[in-house]
Amino acid sequence: MRGPTAFVRIGTAGWTVPAAVAEAFPSEGTGLERYSARFDCAEINSSFHRSHRPGTWRRWAESVPDGFLFSAKLSKEVTHKRRLADCSEPLAQSLAEMEELGDRLGILLVQLPPSLAFEPALAEAFFTGLRARWERPIAVEPRHPSWFEAEPDSLLADRRIARVAADPARVPAASEPGGWRGLAYYRLHGSPVTYRSSYDDGRLETYAGRIAAETAPVWCIFDNTASSAAAGDALKLQALLASLPRSGGEGDHPKGGGGVDGSA
């Protein structure tokens, strides 16, 4: 959907359609087909935990309509086991698997473990190498407080890598987008109870205002799926943004701007 100032994509981690909001989706089709009739993006977290066969990735790509994009999470072998070091082989494997999505792959998501502190030489080597082999948009979610300083922010910005705005935020700066500002990627995990709490307590209105103020393309992913709150929150945020006045015409922010939202 188009927000008032930028192209906005709203979706959930995975594509479960909970019974509580099932009437908002078509009754026929697979779960992904039903989901993609209402949302234009989804986050694939299962790629963090395990490999998928090429046919699985291709089936997902073929199940969604034109304009739908996925973000896919990099393998934990790279981020959590190798901790960004000596990881060329698993990195290449993870990226090669994702390529089966073709032009339905919008963003590579890199989530770092909470214990991984910013080490300039390691971070520079990894993200420089990653950017050299991956031209599409990248969003990184660091969780150690040391990543929310000027030096790591500059390193990410220089390599056109967006830093996720997360909730709950481990430090105040973690709640705001950082790094490369050509993309704003919000990951809302649920708070105060992670993965469970809904944002339908007045905070969705706050996020709608924040997203409307963004001048870059926006992705907002609800990860509060354990309580089935994610889809309902995403639907309400869609409605809130649709109700806001637009500041420009339809042609002001083309869908393909910066390669983030257009077909690759």
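Structure shown above.
Analysis parameters
Residues numbered from 1 in each chain as written. Predicted model: local features only at pLDDT ≥ 70, side-chain atom pairs only at ≥ 80, totals over all residues. Heavy atoms only, no water. Salt bridge = Lys/Arg side-chain N within 4 Å of Asp/Glu carboxyl O. Helix = DSSP H or I, 4+ residues; strand = E, 2+ residues; numbered from the N terminus. Buried < 20%, exposed > 50% of the residue type's maximum accessible area, 1.4 Å probe, protein only. Contact = heavy atoms within 4.5 Å.

### A look at the pattern of salt bridges
Pairing is possible between side chains that carry opposite charge, provided their charged atoms lie close to one another.
Here comes step 1: This structure, assessed with the given rule, holds 16 salt bridges.
Here comes step 2: The shortest N-O distance in the salt bridge between E77 and K81 comes to 4.0 Å. Remark: K81 and E77 occur in helix α4 (residues 76–81); sequence separation between them is 4 residues, near one turn of the helix.
Here comes step 3: The class for E77 is partly exposed, based on a relative accessible area of 25%.

### Some words on the environment of T30
Here comes step 1: Assignment of secondary structure puts T30 in the loop between β1 (8–12) and α1 (31–36).
Here comes step 2: Of the residues examined, T30 reaches a relative accessible area of 41% and is grouped as partly exposed.
Here comes step 3: In sequence terms T30 and S63 are 33 residues apart; their C-alpha atoms lie 8.3 Å from each other.

### A closer look at the environment of A157
Here comes step 1: Following the sequence through the fold, A157 ends up in helix α7 (residues 150–158).
Here comes step 2: Dropping the residues within four chain positions of it, A157 is found in contact with G179 and W180.

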